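Spelled out from the first residue to the last, the chains are:
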Amino acid sequence: IDIELYDGNLYVWGAEEGQILKFTSGRYGDLPVPWIDQTKLNGRDVSSAIDMAIDGNIYLLQPDGKVDVMMANGFDRQVVPETINPPITKVTRFFVTGPPESGYIFLVEPLNERIIQIDKLSGKVIQQIRTRPEASVRFSELRYVYVDDAGRPVLYVVNGPQVLRMPLPAPPRPFRA
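All of the points below concern the structure found in this document. Remember, it's a predicted structure, so these values are computed and weren't measured experimentally.

The rules behind these values
- Residues numbered from 1 in each chain as written.
- Predicted model: local features only at pLDDT ≥ 70, side-chain atom pairs only at ≥ 80, totals over all residues.
- Heavy atoms only, no water.
- Helix = DSSP H or I, 4+ residues; strand = E, 2+ residues; numbered from the N terminus.
- Rg over C-alpha atoms; globule rule 2.2 N^0.38 Å.
- Areas by Shrake-Rupley, 256 points an atom, 1.4 Å probe, with all protein chains shown as cover.
- Lys, Arg positive; Asp, Glu negative; His and termini not counted.
- Charge placed at Lys NZ, Arg CZ, Asp CG, Glu CD.
- Core = buried A, V, L, I, M, F, W, Y, C linked by side-chain atoms within 4.5 Å.
- Buried < 20%, exposed > 50% of the residue type's maximum accessible area, 1.4 Å probe, protein only.
- Contact = heavy atoms within 4.5 Å.
- Pairing = 2+ DSSP bridges.
- Axes fitted to C-alpha atoms, helices over the stretch in contact; angles between N-to-C directions.

1. A short note on the overall build of the protein
Next, step 1: Of regular secondary structure, the protein possesses 0 helices and 15 strands.
Next, step 2: In terms of overall dimensions, the protein is globule-like: its C-alpha atoms have a radius of gyration of 17 Å, near the 16 Å expected for 177 residues.
Next, step 3: Principal-axis analysis of the C-alpha atoms gives the protein an extent of 55 × 35 × 30 Å.
Next, step 4: On the protein, roughly 10100 Å² of surface is accessible, and the fraction owed to carbon and sulfur atoms is 52%.
Next, step 5: Across the protein, the mean location of the 19 positive side-chain charges is 8 Å away from that of the 22 negative side-chain charges.

Quick look at the structure:
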């Protein structure tokens, strides 16, 4: 189950299969209403999603790293991360930054001990965030990432019993042809 707060409303993913429940702000005595309109999914099955984020649009994370973008109670598009090395095997969580028309998605992939930053609109990989092999800290128990993007972006990484705080590294320069 994942719970998100947006614009005073409470959204719950996972309480009902394939459905987001919305608790409307100020209506504390009312039952939640189903947010997804099944007729607006265009045949897409979103029930395998493992995490949810909201920035005005609702994002549902699939285990393979693809992100379903929901808008106006239905499916809008899918963000597919571009191919990287090593390939994405299984992501477990994610974090979304910025307003709906810009920003990034940070994918947590514990098996490869990395956080993958992708463009929210195109799926272009910006960078892979990993620890150096000789570092005293490893992402061996990577669980969650939070990005504070007010000013210079800062990552908060939950790695087993540790909470690590670090500035978001600048993306690497592209290779010359």
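2. Observations concerning the nonpolar core
Next, step 1: Counting residues in each nonpolar core, the largest one holds 16 residues, and the members touching the most others are Tyr59, Val67, Phe94, Ile105, Leu107, Ile116 and Ile118.
Next, step 2: Of all the secondary structure elements, the ones that give two or more residues to this core are β6 (58–61), β7 (67–71), β9 (93–96), β10 (104–109) and β11 (114–119).
Next, step 3: The residues contacting Tyr59, other than those within four sequence positions of it, are Asp51, Met52, Ala53, Val67, Asp68, Val69, Phe94, Val96, Pro100 and Lys120.

3. Describing the sheet that holds strand β8 (residues 74–79)
Next, step 1: Spatially, 4 strands are ordered β5-β6-β7-β8 in an open sheet, and the strand pairing comes out antiparallel. Edge positions in the sheet fall to β5 (51–54) and β8, since each of these pairs with one other strand and no more. When strand polarity is set aside, the average angle formed by the axes of neighbouring strands in this sheet is 25°.
Next, step 2: Across 4 bridges, the pairing between β6 and β7 is antiparallel. In the strand pairing of β7, Ile58 is matched with Met70.

Don't take any of this as a statement about function, it's just geometry.
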